[in-house]
Amino acid sequence: MTGGSSDAPGWPEWASFVERHGYLSWLDLEVESLEEGRAVLVVERNEDFENPIGSDGYDPVHGGIVATLIDTASAFALRSTFEDPSEAHLTTTDLNVSYLRPATGDLRAEAEVLRAGGSTGVTDVTVEGADGEAAVGRTTYRLFRDGIDGN
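Residues numbered from 1 in each chain as written. Predicted model: local features only at pLDDT ≥ 70, side-chain atom pairs only at ≥ 80, totals over all residues. Heavy atoms only, no water.

(A) Region of interest: the packing of aromatic side chains. Tallied over the full model, the rule gives zero aromatic pairs. Sitting over the ring of phenylalanine 82, arginine 145 keeps its end group 4.4 Å from the ring centre. (Phe/Tyr/Trp six-rings, centres within 6.5 Å; stacked < 30°, edge-to-face > 60°. Lys NZ or Arg CZ within 6 Å of the ring centre and 35° of its normal.)

Here is the structure:
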C-alpha cells in the first residue's frame, strides 16, 4: 500500500516521509487525501495489529494502533496549515482517545483542524473500521512555525 494517493497538494513528499519513518512504515500507513486543514489516513487490516481473542470475523485492532492513527492523522492535517509542510515542526502535547467499539478490519481516520494558531493546533478525529465508527479523538499540538530553535 505504501505510495498511496498523490492528491496531497503542497506536500508531495508525504509518501517518502512515511517510508523514512520506521513505525509509520511498519504500519503501512497511507494518506488517502490531504488538503488544507484536513487529512484522511488509512491502515489496512493486518493480523499483527489485532488482539487475538478468537472472535468470529476480525479480531479487534490493538488500541495503541488506533491512538497512533488519531495522532498521525492530526499531525498530517496540521502540517497542511504550514507554508511548507515538509519543513513543519510540531509535537503532540495532548492526545485524547474515546474508544466507542472494537476497531476491526481496515481503519480510516479523518482529522479536521479546529484551530491552527501561531503556536498551538487542535484537531478532531474520527476512526472508522469494518463495524462503523470505532473511536474519536482530539489532539493538541505545539506548532513551531519559526522552526524548533525559533529562527
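(B) How the structure looks around the environment of threonine 92. Along the chain, threonine 92 turns up in strand β3 (residues 90-99). By relative accessible area, which is 30% here, threonine 92 ends up partly exposed. The spatial distance from the C-alpha of threonine 92 to the C-alpha of threonine 120 is 9.9 Å, given a sequence separation of 28 residues. Filtering out sequence-adjacent residues up to four positions away, threonine 92 remains in contact with Asp71, Thr140 and Tyr141. Only 2.8 Å separates the side chain of threonine 92 from the side chain of aspartate 71, close enough to count as a polar contact. (Helix = DSSP H or I, 4+ residues; strand = E, 2+ residues; numbered from the N terminus. Buried < 20%, exposed > 50% of the residue type's maximum accessible area, 1.4 Å probe, protein only. Contact = heavy atoms within 4.5 Å. Polar contact = N/O pair within 3.5 Å; in protein donor to acceptor, adjacent residues only side chain to side chain.)

(C) Region of the structure containing the pattern of salt bridges. What the rule picks out here adds up to six salt bridges. Close ionic contact of arginine 138 with aspartate 124 constitutes a salt bridge, the shortest N to O distance being 2.7 Å. Taken together, the residues span a long stretch of sequence, with arginine 138 in strand β6 (residues 132-143) and aspartate 124 in strand β5 (residues 120-129) at a distance of 14 residues. (Salt bridge = Lys/Arg side-chain N within 4 Å of Asp/Glu carboxyl O.)

(D) Just the side chain of arginine 79, in detail. Residue placement: arginine 79 occurs in helix α3 (residues 63-79). Here arginine 79 sits buried without a salt bridge, and the closest side chain of opposite charge, aspartate 84, lies 7.8 Å off (N-O distance). Among the polar contacts listed, one links the side chain of arginine 79 to the backbone oxygen of proline 85, at a separation of 2.8 Å. (Lys, Arg positive; Asp, Glu negative; His and termini not counted.)

(E) Expanded view of the confidence of the model for the protein. Within the protein, residue pLDDT values average 85, and 78% of them lie at 70 or more. Low pLDDT (under 50) marks residues 1-10, which in the prediction has 22 contacts with non-local residues, meaning those over four places away or in another chain. (pLDDT = per-residue confidence, 0-100.)

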